[in-house]
Amino acid sequence: KDGFPLAVVENFVDSSPDVEVIAYGGASEQLFDAMRSLIPEEIKVRGFLPSRIDGDIDALWWLSELTGKVPIIVAEHGTSGFNWGSEIAAQIHDVLHGRLALPVKRLASANDVVPADRALESGFQCVCAETANMFSFFVVEISDKVDVTE
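If you're wondering where the values come from, they're calculated on a predicted model, not measured in any experiment. (Residues numbered from 1 in each chain as written. Predicted model: local features only at pLDDT ≥ 70, side-chain atom pairs only at ≥ 80, totals over all residues. Heavy atoms only, no water.)

Let us look at the overall build of the chain. The helix and strand inventory of the chain stands at four helices and five strands. When the elements of the chain are put in sequence order from the N terminus, they spell out β-β-α-β-β-α-β-α-α. Looking at the chain as a whole, 42% of its 150 residues qualify as buried. Counted over contacts in the chain with a minimum sequence separation of 6, partners at least 24 positions apart contribute 81%. Only carbon and sulfur atoms are counted for the fraction: they give 52% of the accessible area of the chain, which is about 8,300 Å². (Helix = DSSP H or I, 4+ residues; strand = E, 2+ residues; numbered from the N terminus. Buried < 20%, exposed > 50% of the residue type's maximum accessible area, 1.4 Å probe, protein only. Contact = heavy atoms within 4.5 Å. Areas by Shrake-Rupley, 256 points an atom, 1.4 Å probe, with all protein chains shown as cover.)

Quick look at the structure:
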């Protein structure tokens, strides 16, 4: 495809995902941890890792890679509310209107000011370090709500 690269990662082979997750930056690292931890649970995750996160709608060609047949999580390392994840979730709803298995779930850090001081930043990162566990929780929670055995 034209545009910026998109990495697609999966914790399964030769089947369909139970959930699709869009993540970038720091949230990508937690996504990898969560995907590994979900293998024993046999929860199949397909991750989409876009290399460009600006507001250029033409750069969002990869949204067509989503089917809407399985739950979708948009995850980011930044704080929740009025951000990249909000826009991606809105775009997914526009593109897949009427075809979504469930509403798009958003996952972000605590809605707080991201500190610029290194000492304070380490305390903030503790909040972000819980993201892998939250990924696992959301994936299990939403995969239980949808029959993906079509």
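The subject of this paragraph is the pairing of strand β3 (residues 45-50). For a regular strand, side chains alternate in direction, first toward one face of the sheet and then toward the other. Extensive coverage of β3 is indicated by the burial of six of its six residues. Neither face of β3 is exposed, since Val45, Gly47 and Leu49 on one face and Arg46, Phe48 and Pro50 on the opposite face are all buried. Relative to β3, strand β1 (residues 6-10) runs antiparallel, the two being bridged by five bridges. Note that in β3 the partner of Val8 across the bridge is Phe48. The pairing of strand β2 (residues 19-23) with β3 spans four bridges and is classified as parallel. Within β3, the position partnered with Glu20 by the bridge is Arg46. Once you follow β2 into helix α1 (residues 26-38) and on to β3, the crossover reads as right-handed. (Pairing = 2+ DSSP bridges. Right-handed = clockwise from strand over helix to strand, strands pointing away.)

Below, the discussion takes up unusual backbone geometry. Even without a glycine there, the phi angle at Asp14 is positive, about 55°. By the element assignment, Asp14 lies in the loop between β1 and β2. The exposure class of Asp14 is exposed, given its relative accessible area of 78%. Even without being a glycine, Glu42 presents a positive backbone phi close to 60°.

In this section: the sheet that holds strand β4 (residues 72-79). As summarised here, the arrangement of the five strands in space is β1-β3-β2-β4-β5, forming an open sheet in which the pairing is mixed. Of all strands in the sheet, those bounded by a partner on one side alone are β1 and β5 (105-109). The average undirected angle you get between the axes of adjacent strands in this sheet is 20°. As judged from the four bridges shared by β4 and β5, these two strands associate in the parallel manner. By the bridge assignment for β5, Ala75 is matched with Leu107. This element, α1, spans β1, β2, β3 and β4 of the sheet and lies at about 165° to β3. Strands in contact with helix α2 (residues 84-95) are β2, β3, β4 and β5; relative to β4, the strand with the most contacts, it is inclined by about 160°. (Axes fitted to C-alpha atoms, helices over the stretch in contact; angles between N-to-C directions.)

Core analysis: the largest hydrophobic core is formed by 16 residues, its most contacted members being Ile22, Trp62, Leu66 and Ile92. Elements supplying a minimum of two residues to this core: β4 and α2. The dominant element in this core, judged by the number of residues it contributes, is α2, at four residues. Those residues in contact with Leu66 that sit more than four places away from it in its chain are Glu20, Ile22, Phe48, Ile72, Ile92 and Leu96. Ranked by size, the runner-up nonpolar core spans 13 residues in total, among them Leu31, Met35, Leu49 and Leu107. (Core = buried A, V, L, I, M, F, W, Y, C linked by side-chain atoms within 4.5 Å.)

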